[in-house]
Amino acid sequence: MANTLVAAILAFAPGAIYGVYRDTAPAMGVDALVDQQRAAAIMWLPGSLLYLVPAVVIIVHALSRKRPRVALSLPVVGQARRAPWDATRVPVLGALLRSANGRLAVRFVMLGLAALVVLDGLLGPRDAATNIAGTWPWTHWRGAAAVGMVVAGNLACLGCPLIAPRTLLRRWITPTRRWPSWLRTKWIAAVAVLAWLVAYEAFGWWDSPLLTAGLIIGLLLVATVVDLLFEGAAFCQWMCPIGQWNMVMSVASPTQVTIRDPQVCERCTTQDCLRGGPQGPGCGTSLFLPRKVGALDCTACMDCVTACPHDNAGVLLKVPFMELQSEASRSVIGRWIERPDLAALLLVLECGALVNAALMTEPLVAWVGSWQPLPWRAATVALITLLAMVAVAVPVLVAARVGAWMRREAFVHRLARMAFDLLPIGTGMWLVHFGFHLVTGLSSALPPLQRAARDGAALDLGEPAWAANCCAQVPQWLLPVMLCVLALALLVSLQLAWNRASRVEASGVQRSGRVLVRWLPDALVALGWWALAAWIVLQPMQMRGLLS
Ligand code: SF4
Ligand code: SF4
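The rules behind these values
- Residues numbered from 1 in each chain as written.
- Chains lettered and ligands numbered in written order.
- Predicted model: local features only at pLDDT ≥ 70, side-chain atom pairs only at ≥ 80, totals over all residues.
- Helix = DSSP H or I, 4+ residues; strand = E, 2+ residues; numbered from the N terminus.
- Rg over C-alpha atoms; globule rule 2.2 N^0.38 Å.
- Buried ≥ 20, exposed ≤ 12 C-beta atoms within 10 Å, placed from the backbone.
- Contact = placed C-beta atoms within 7 Å.
- Axes fitted to C-alpha atoms, helices over the stretch in contact; angles between N-to-C directions.
- Parallel < 35°, antiparallel > 145°, perpendicular 65-115°, else oblique.
- Pairing = 2+ DSSP bridges.
- Near = placed C-beta within 6 Å.
- Left-handed = near helix turned anticlockwise from the far one by under 90°.
- Core = buried A, V, L, I, M, F, W, Y, C linked by C-beta atoms within 7 Å.
- Domains from an automatic or database assignment.
- Nonpolar A, V, L, I, M, F, W, Y, C, P; charged D, E, K, R; others polar.
- Expected span 1.5 Å × (residues − 1).

Let's talk about the overall build of the chain
Then step 1. Within the chain, the regular secondary structure consists of 23 helices and two strands.
Then step 2. A compact globule built from 548 residues would reach a C-alpha radius of gyration of about 24 Å, and the chain, at 25 Å, matches this within 12%.
Then step 3. Viewed in the frame of its principal axes, the chain has a C-alpha envelope of about 80 × 70 × 55 Å.
Then step 4. Looking at the 548 residues of the chain, the share that counts as buried comes to 39%.
Then step 5. Look at the contacts in the chain between residues 6 or more apart in sequence, and 78% of them connect residues 24 or more apart.

Quick notes on the packing of helix α5 (residues 100–123) against helix α6 (residues 132–151)
Then step 1. Contact geometry of α5 with α6 gives a least axis separation of 8 Å together with a crossing angle of 140°. As far as their axial angle goes, α6 and α5 are oblique. Residue-level inspection shows Leu-116, Val-117, Asp-120 and Gly-121 of α5 in contact with α6, the latter providing Ile-132, Ala-133, Trp-136 and Pro-137.

Thoughts on the pairing of strand β1 (residues 255–259)
Then step 1. With five of its five residues buried, β1 lies for the most part within the structure.
Then step 2. Because side chains alternate across β1, one face comprises the buried residues Thr-255, Val-257 and Ile-259, and the other comprises Gln-256 and Thr-258, equally buried.
Then step 3. As paired elements, β1 and strand β2 (residues 313–317) share five bridges and run antiparallel to each other. The residue bridging Thr-258 from the neighbouring strand is Gly-314, located in β2.

Quick notes on the site of ligand 1
Then step 1. In the vicinity of ligand 1 there are 13 residues, among which Cys-265, Cys-268, Cys-273, Cys-308 and Asn-312 approach most closely.
Then step 2. Within the residue set of the shell around ligand 1, elements represented by two or more residues are α13 (262–267) and α14 (272–275).

Examining the packing of helix α16 (residues 340–358) against helix α20 (residues 423–441)
Then step 1. The N-to-C vectors of α16 and α20 enclose an angle of 40°; their axes lie 9 Å apart at closest approach. Classed by the angle they form, the pair α16 and α20 counts as oblique. For the crossing formed where α16 meets α20, the hand is left-handed. In this structure, α16 uses Leu-346, Leu-349, Glu-350, Ala-353, Leu-354, Asn-356 and Ala-357 to contact α20, whose residues at the interface are Leu-423, Ile-425, Gly-426, Met-429, Trp-430 and His-433.

Remarks on the nonpolar core
Then step 1. Membership of the largest hydrophobic core comes to 121 residues, with the highest contact counts inside it found for Leu-346, Leu-354 and Ala-526.
Then step 2. The element contributing the most residues to this core is α16, with 14 residues.
Then step 3. The two domains that each donate at least three residues to this core are domain 2 (87–248 + 332–538) and domain 3 (254–325).
Then step 4. Once residues within four sequence positions are removed from consideration, Leu-354 is found in contact with Val-392, Met-429, Trp-529, Leu-532 and Ala-533.
Then step 5. If you look at the next biggest cluster of nonpolar residues, it comprises six residues, including Ala-128, Trp-138, Trp-206 and Leu-215.

Some thoughts on the site of ligand 2
Then step 1. Of all residues adjacent to ligand 2, which total 13 residues, the nearest are Cys-283, Cys-298, Cys-301, Asp-303 and Cys-304.
Then step 2. The residue inventory of the shell around ligand 2, partitioned by class, reads nine nonpolar, two polar and two charged.

Quick look at the environment of Gly-112
Then step 1. Counting through the fold element by element, Gly-112 comes out in helix α5.
Then step 2. Owing to 11 C-beta atoms within 10 Å, Gly-112 belongs among the exposed residues under this scheme.

Re the domain arrangement of the chain
Then step 1. The domain architecture assigned to the chain consists of domain 1 (2–62), domain 2 (87–248 + 332–538) and domain 3 (254–325).
Then step 2. Centre-to-centre, using C-alpha coordinates, domain 2 lies 24 Å away from domain 3.
Then step 3. Listed per partner, the contact involves 26 residues of domain 2 and 20 residues of domain 3.
Then step 4. Listing elements by their share of the side of domain 2 that touches domain 3, those giving two or more residues are α4 (93–98), α5, α7 (155–158), α11 (234–239), α12 (241–249), α20 and α22 (478–503).
Then step 5. Counting residues per element, the side of domain 2 that touches domain 3 draws most heavily on α22, which supplies three residues.
Then step 6. The class makeup of the residues in the side of domain 2 that touches domain 3 is 16 nonpolar, seven polar and three charged.

Quick look at the environment of Trp-196
Then step 1. Structurally, Trp-196 can be placed in helix α9 (residues 187–202).
Then step 2. Counting along the chain gives 156 residues from Trp-196 to Gly-352, while the straight-line C-alpha distance between them is 10.0 Å.

So, unusual backbone geometry
Then step 1. Despite not being glycine, Met-302 shows a phi value in the positive range, around 70°.
Then step 2. Mapped onto the secondary structure, Met-302 falls in the loop between α14 and α15 (303–307).
Then step 3. C-beta crowding within 10 Å serves as the criterion here: with 23 such atoms nearby, Met-302 is assigned to the buried category.
Then step 4. Of note in the backbone geometry, Ala-458 takes a positive phi value of approximately 55° without being a glycine.

Structural notes on α9
Then step 1. An ideal rise of 1.5 Å per residue puts 22 Å on 16 residues; α9 measures up with 22 Å between its terminal C-alpha atoms.
Then step 2. Residues of α9 that are buried sit in contact with α11, α12, α16 and α18 (377–407).
Then step 3. Positive backbone phi, approximately 55°, marks Gly-204, located one or two places after α9.

Here it is, written out as structure tokens:
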């Protein structure tokens, strides 16, 4: 980290940091800034490689040796164990989270904002940068969802406007059908996410307020119809591509909906968090809270928090990504290593993170643009996107095949494990991508609102300052922060893969060399993905949603 951070500062500094070279370097026929950047490259690449060799040896030894575990906690005399921090016990916020009506009110506020987006998308100007539908959903809502995910939790599902109408209508219409058992699989969701990513590129959704408005109306209609026909949260659990993204990315969250005290659950006979009771409905995705691990299939709806008659459910802190280590059977999901549909969904989201960001870099935008004269442009872009997804996924499939052979493990199990271990890199890529657009396009939210208020309702909210929607300034701190996030994601992925390579040692004796060999295919894919992610963030980006 030491040489990486210093090298990053030297590489991306706008001028020569050491003033003396500004005067002396030209005398030697060298530009001081170029010289500084070359020095940074030497410090970064060969410097990191030199560190890598002893680091690998030390890690192998440190992780392989069996050492007695020493309890680090000091005895606390005469003091009760402190209750864990719980968001549902924070004044005001806790009351809002626990109240079904409070949550519904938040969703209706979001529905009002979605209605504004739809109206402007249908009636406003066709230029995305001047339309609410071209800026709010793609720049601000997505960025806020990603940043909110790592700072607080799955706020996007918690305040989702798509389920507001059905929640209200269910007070009068009770769904009677159960979602068919043969459709209880993530294959539909995996295909929906893939279709979403391909259509986004092929039809340029971000660039079309009309298509964006149509998309929101379509999702709203499907969610309402499906959830009024079928019990529970069938749309969220099995169909919604946005919900899948939110639930999977929740691995990076510092919080989760869970129980406070396992002993209270052991004594509980009603299990209202699952079945519902006098205080409210149970879990729409059939998660049984004491057996819930992580946030997969959890829509953060908080119904279980309201339903629990023992006040034993809350929003507690967790260590991000830690749940990926556990291979124990989980409520609803079962043993995830035996779920190829889940592995496929994760891989689509991970490959999608890299491809979606790569297709916004200037070199690839120019290359894809060179296909424009062809007829069937949308089909060509769709094909390019699909082929790019396959190209990113192939190394994983090859490594899974090699790893399965080396470990005498089923291919499906190996693939699922790799999909879980690579999730931090996929999450990191989505985060830096959406975070980049949020930071650079933050000020672009207001001018379209001012224009829409003036044109649509004769309201004067001030003259739109269109300069805010053009030529976004990229703050200097952003690139080093993005590189650090990606480096951190790589480390977590490598660590997860290492832990799993150590765990499957059949003989029970940890041989570091053998663990290293088993770890290598996974590590190489992780390094390759990280290198691609780092290349992407170093490219000039197409500023989608902004005036060019
Ligand atoms: S969370 Fe509440 S309702 Fe659910 S099992 Fe535990 S005590 Fe019972
Ligand atoms: S466990 Fe179920 S009821 Fe509780 S927040 Fe998650 S989806 Fe909602």
